[in-house]
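Tertiary structure, described
Single-letter residue listing:
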Amino acid sequence: PEIIDIKDPSEAHRTLGTHQSPSGDMTTQAMVLRKKGRTYTAKFSTLKKMSKYKVWTAYTSMLRPALEYPLSTTTLSKRQIELYHRPMVRAVLGALGINRRFPRTVAHCPTELLGIGISHPYSARHQTSNRNGASNATRERKWKTIQDRH
């Protein structure tokens, strides 16, 4: 026999990298992301001796995915996201040798438009959601086409 843990509806449970609660409360997820942000900010603040290439690789391959992955399934506000994102951007810019007060408009601008290319998690969340929605819509169209042929 399996033992099933009974949890309160407002109690979050980690599932597939996100902390979801049946009531929709995102407090736990926000706290987890803030803790990750503080941890990575502390690590990036100590990377002064590391090459800029390695810092950028660490940011794009470890930090950004870790902080953006759960956002496509959450309802965090832009303000909640800013609480962990702003200090992290300052640390990454400092580790890259760029002034920490560098204009965020240019920092978040894509490299194709001569920006630095630090994506903002709030906009990345919407891109991920739209990408998933587009793929679902494409799948539905293909399925409808198959059904119409038969």
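Let me sum up the structure you'll find in this document. Starting from 1, residues in each chain are numbered consecutively following that chain's sequence as written. For this predicted model, a pLDDT threshold of at least 70 governs which residues receive local features, and a threshold of 80 or more governs which side-chain atom pairs are given and counted, while totals over whole chains, interfaces and linings are taken from all residues. Note that the side-chain values use all heavy atoms of the structure and ignore hydrogens as well as water.

**As for empty space enclosed by the protein**
Note on definitions: the grid is 1 Å and covers protein atoms alone; a cavity is a set of points where a 1.4 Å probe fits but cannot get out; a pocket is an open set with protein on both sides within 12 Å along at least five of seven lines; lining residues have an atom within 4 Å of a point. Grid points are joined across faces, edges and corners, and a volume is the space filled by probe spheres set on the points. Counted under the stated rule, the structure contains 1 cavity of 30 Å³ or more. There is about 40 Å³ of room inside the largest cavity. If you trace the largest cavity, you find it lined by Tyr59, Leu63, Arg64, Leu67, Glu68, His85, Met88, Ser119 and Pro121. A run of DSSP states H or I qualifies as a helix once it reaches four residues; a run of E qualifies as a strand once it reaches two. Both are numbered from the N-terminal end. Sorting the residues of the lining of the largest cavity by element identifies helix H2 (52-68) and helix H3 (78-95) as the ones contributing at least two each. Ranked by the residues each element gives to the lining of the largest cavity, the list is headed by H2, at 5 residues. Residue composition of the lining of the largest cavity, grouped by class: 5 nonpolar, 2 polar and 2 charged. Charged residues are taken to be Asp, Glu, Lys and Arg, nonpolar residues to be Ala, Val, Leu, Ile, Met, Phe, Trp, Tyr, Cys and Pro, and polar residues to be all remaining types, Gly included.

**Some thoughts on the packing of helix H1 (residues 27-45) against H3**
Where helices are involved, their axes are fitted lines through C-alpha atoms of the stretch in contact, as for all axes, and angles between N-to-C directions lie from 0 to 180°. Here H1 crosses H3 at 10 degrees, and the two axes come no closer than 9 Å. Here H1 lies roughly parallel to H3, going by the angle between them. On H3, the residues touching Ala30, Leu33, Arg34, Gly37, Thr41, Phe44 and Ser45 of H1 are Gln80, Leu83, Tyr84, Pro87, Met88, Ala91, Val92 and Ala95. Along the lines of polarity and charge, the residues of the contact of H1 with H3 split into 10 nonpolar, 4 polar and 1 charged. Angular relationships are summarised with four words: roughly parallel below 35 degrees, roughly antiparallel beyond 145, roughly perpendicular across 65 to 115, and oblique for the angles in between. By definition in these notes, contact holds between two residues if any of their heavy atoms fall within 4.5 Å.

**A few points about the packing of aromatic side chains**
A pair of Phe, Tyr and Trp rings is counted when the ring centres sit within 6.5 Å of each other, with Trp represented by its six-membered ring. The angle between the planes then sorts it: under 30 degrees is stacked, over 60 is edge-to-face, the rest tilted. Tallied over the full model, the rule gives 1 aromatic pair. The interplanar angle of 40 degrees and the centroid separation of 5.4 Å between the aromatic rings of Trp56 and Tyr59 together place this pair among those described as tilted. Taken together, the residues Trp56 and Tyr59, both in helix H2 and 3 residues apart, mark about one turn of the helix. Relative accessible area decides the class of each residue, using a 1.4 Å probe on protein chains only: under 20% of the type maximum gives buried, over 50% gives exposed, and in between gives partly exposed. Look at Trp56 and you get partly exposed, because its relative accessible area is 26%. A relative accessible area of 1% places Tyr59 in the buried class.

**Section: the nonpolar core**
With 25 residues, the main nonpolar core has Phe44, Tyr59, Leu63, Leu76, Met88, Val92 and Ile118 as its most contacted residues. Among the elements of the structure, H1, H2 and H3 are those that each provide at least two residues to this core. Per-element tally for this core: the top contributor is H3, with 8 residues. Residue types Ala, Val, Leu, Ile, Met, Phe, Trp, Tyr and Cys, when buried and joined through side-chain atoms within 4.5 Å, form a set referred to as a nonpolar core.

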